[in-house]
Amino acid sequence: MAFKQRVFSGVQPTGNLHLGNYLGAIVKFVALQEHYDCIYCVVDLHAITVPIDVWGGPEELRRNTREVTAAFIASGIDPNKHIVFNQSQVAHHAELAWVFNCVARLGWLNRMTQFKEKAGKDREAASIGLYDYPVLMAADILAYRATHVPVGEDQKQHLELTRDIAQKFNNDFSESIRARGFGEAFFPLTEPIIQGPATRVMSLRDGTKKMSKSDASDNSRINLTDDADAIAQKIRRAKTDPEPLPGEEAGLEHRPEADNLVGIYAALADKPKAAVLQEFGGGQFSTFKTALADLSVARLSPIAAEMKRLTQDTAYIDSVLAGGAARAEVLAAETMNAVKDILGLVRR
Ligand code: TYM
């Protein structure tokens, strides 16, 4: 059966939205609006899977949820044409996650590398929510039977799990799915969209580590809320090696910091890395860094300013989230009702 083409993606409201989130995800969200119906979600239920001191408590969660929403809108997502909302306002995500808990296998979850990284050494002390995180993520996507999910490279394994869950549900209940008139498959096998030069933006202090919200060093990342001076300073201080930039992409091998900065430039300029090297290859790093700082400030400062303006208008942000949630709920309820019928859960 052909599924209606639909895009879904989510961002956690855990503070410090950074250039990696922007280039790896949000820029793609904006571009996909042209061709698809899109649903963009602030995944607050995922944020609370880590200890409270990490997500910051109730006030921080509210603030960060509104800030991510503001970042979406400031970056160019249109909440009137598409759907923007926070996850906890649509109860079907958690409800479908329960069903998927009964579909997903322990062995599958035991292989999730992000759980191992986030849980650290003391795995016994991790929350069950952290372990179950990828199942809730599958529910987010499949509550809308989304066909395409734009994400950074680090989410690839979670999207494979989403496909495994969809496939097992489709197989386990194939007879009931057919009997209900849904054809061969109820859930689509969602395609990840992981493309371009910035699917994995690395730390500015260490080219072998991912740029992350939780890195203790603020100099490791460019935050979407950074002002022009902070952006320029962080790029000037970014770690590099002593060699000049190579003329060709092959020359970036084993030079993680150079590779990262060229990737960032390419993504911001919307050019391939090869084109960036053609322009800057053979030149000094300092010249390239100045150009990169200028480009970053030109692209990011207007977003920071608009985010600031929007976050002050809480009533507007909350109305976007409420309106989006109401529209999302209609779609998710339709899926959930069908799932209940397929499973044999008696409903009103
Ligand atoms: P989160 O909030 O950690 O990150 C949001 C998005 O940013 C991408 N990203 C990066 N891309 C490139 N370079 C980086 N250094 C970098 N860091 C983060 C992430 O890949 C992501 O696309 N599990 C998700 C949230 C989620 C979700 C979903 C996503 C919940 N449900 C359903 C898609 C569909 C996450 O932790 O995102």
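Cut-off values and rules
- Here the residue numbers are simple positions, counted from 1 along each chain's written sequence.
- A pLDDT threshold of at least 70 governs which residues receive local features in this predicted model, and a stricter bar of 80 or more applies before side-chain atom pairs are shown or counted, although totals over entire chains, interfaces and linings include all residues.
- To get the side-chain values, take all heavy atoms of the structure and skip hydrogens and water.
- A run of H or I in DSSP counts as a helix once it spans at least four residues, and a run of E counts as a strand once it spans at least two, with each numbered from the N terminus.
- Accessible area is worked out with a 1.4 Å probe on protein chains only. A residue is then buried under 20% of its type maximum, exposed over 50%, and partly exposed in between.
- Residue burial considers only the protein chains on display, and all accessible areas are found by Shrake-Rupley using a 1.4 Å probe.
- The positive count covers Lys and Arg only, the negative count covers Asp and Glu only, and His and the chain ends enter neither.
- Charge positions are represented by NZ for Lys, CZ for Arg, CG for Asp and CD for Glu.
- Salt bridges are counted wherever a side-chain nitrogen of Lys or Arg sits within 4 Å of a carboxyl oxygen of Asp or Glu.
- Identification of polar contacts relies on pairs of N or O atoms within 3.5 Å, with a donor-acceptor requirement for protein atoms, meaning one able to donate a hydrogen and the other able to accept it, and with residues adjacent in sequence counted only if both atoms are side-chain atoms.
- Contact definition: two residues touch when any of their heavy atoms are within 4.5 Å.
- Aromatic pairs are defined between Phe, Tyr and Trp rings, using the six-membered ring for Trp, whenever the two ring centres lie within 6.5 Å; interplanar angles under 30 degrees are classed as stacked, those over 60 as edge-to-face, and all others as tilted.
- Sitting over a ring, as applied to charges here, requires NZ of Lys or CZ of Arg to be within 6 Å of the ring centre and within 35 degrees of the ring normal.
- By nonpolar core we mean a set of buried residues, namely Ala, Val, Leu, Ile, Met, Phe, Trp, Tyr and Cys, connected to one another through side-chain atoms within 4.5 Å.
- When we say a residue is near a molecule or strand, we mean one of its heavy atoms is within 4 Å of it.
- Put simply, Ala, Val, Leu, Ile, Met, Phe, Trp, Tyr, Cys and Pro go in the nonpolar bin, Asp, Glu, Lys and Arg in the charged bin, and everything else, Gly too, in the polar bin.

> Which parts of the structure should I look at to understand the overall build of the chain?
Counting its regular elements, the chain contains 15 helices and five strands. Viewed in the frame of its principal axes, the chain has a C-alpha envelope of about 70 × 45 × 45 Å. Counting every position in the chain, which comprises 348 residues, the buried fraction comes to 51%. Carbon together with sulfur atoms contributes 50% to the accessible area of the chain, which is approximately 16200 Å² in total. In the chain, 40 positive and 44 negative side-chain charges are present, and the distance between their average locations comes to 2 Å.

> Just checking my understanding: could you explain the side chain of Lys213 for this structure?
Here Lys213 shows up in the loop between β5 (191–193) and α11 (228–237). No salt bridge forms around the buried Lys213; measuring N to O, its nearest opposite-charge neighbour Asp154 is 8.6 Å away. Reaching out from Lys213, the side chain makes a polar contact with the backbone oxygen of Gln12 at a distance of 3.0 Å. Apart from residues lying up to four places away in sequence, Lys213 is in contact with Val11, Gln12, Thr14, Gly15, Asn16, Leu17, His18, Asn21 and Arg221.

> It is not clear to me how the packing of aromatic side chains should be interpreted in this structure. Could you clarify?
Centre-to-centre distance and the angle between the planes together describe a pair of aromatic rings. One pass over the structure, following the stated rule, counts 16 aromatic pairs. Measuring from ring centre to ring centre gives 6.3 Å for Phe85 and Tyr144, while their planes differ by 70 degrees; the resulting arrangement is edge-to-face. Of this pair, Phe85 sits in strand β3 (residues 83–86) while Tyr144 sits in the loop between α8 (128–142) and β4 (148–150); the two residues are 59 residues apart in sequence, bridging distant segments of the chain. Here the two residues Phe85 and Tyr144 agree in accessibility, since each one is buried. Relative to Phe173, the ring of Phe169 has its centre 5.0 Å away and its plane inclined at 45 degrees; by these criteria the two rings are tilted. An aromatic cluster is defined as three or more aromatic residues linked by ring pairs; in this entry it consists of Phe100, Phe169, Phe173, Phe182, Phe186 and Phe187. Directly above the ring of Phe186 sits Arg145, whose terminal nitrogen or CZ lies 4.1 Å from the centroid.

> What am I meant to see in the nonpolar core here?
Inside soluble globular proteins, nonpolar side chains tend to come together where they are buried. By size, the foremost hydrophobic cluster in this structure holds 59 residues, and its most contacted members are Leu19, Leu23, Phe72, Ile264 and Phe288. Here this core takes ten residues from helix α14 (residues 285–312), the largest share from any one element. Formed by 52 residues, the second largest nonpolar core is a distinct cluster that contains Leu96, Val103, Ala139 and Ile141.

> When you look at the site of the ligand in this model, what are you seeing that I'm missing?
The full set close to the ligand counts 28 residues, and Gln12, Tyr133, Asp140, Asp154 and Val201 are the nearest of them. Within the backbone of Gly20, a nitrogen or oxygen atom sits 3.1 Å from a nitrogen atom of the ligand. Between the ligand and Tyr133, the relevant distance is 2.6 Å, taken from a nitrogen atom to a side-chain nitrogen or oxygen of the residue. Relative to its unbound accessible area of 710 Å², the ligand is 96% covered by the protein chains. Of all the secondary-structure elements, those providing two or more residues to the shell around the ligand are β1 (6–11), α1 (19–32) and α8. Here the residues of the shell around the ligand are counted per class, giving twelve nonpolar, eleven polar and five charged.

> Would you mind going over unusual backbone geometry with me for this structure?
Among all residues save glycine, negative phi is the norm, and among peptide bonds the norm is trans. For Asn16, which is not glycine, the phi dihedral falls at a positive 50 degrees. Within the element layout of this structure, Asn16 appears in the loop between β1 and α1. In this structure, Asp270 is a non-glycine residue whose phi angle is positive, near 55 degrees. Position of Asp270 among the secondary structure elements: in the loop between α12 (256–269) and α13 (273–280).

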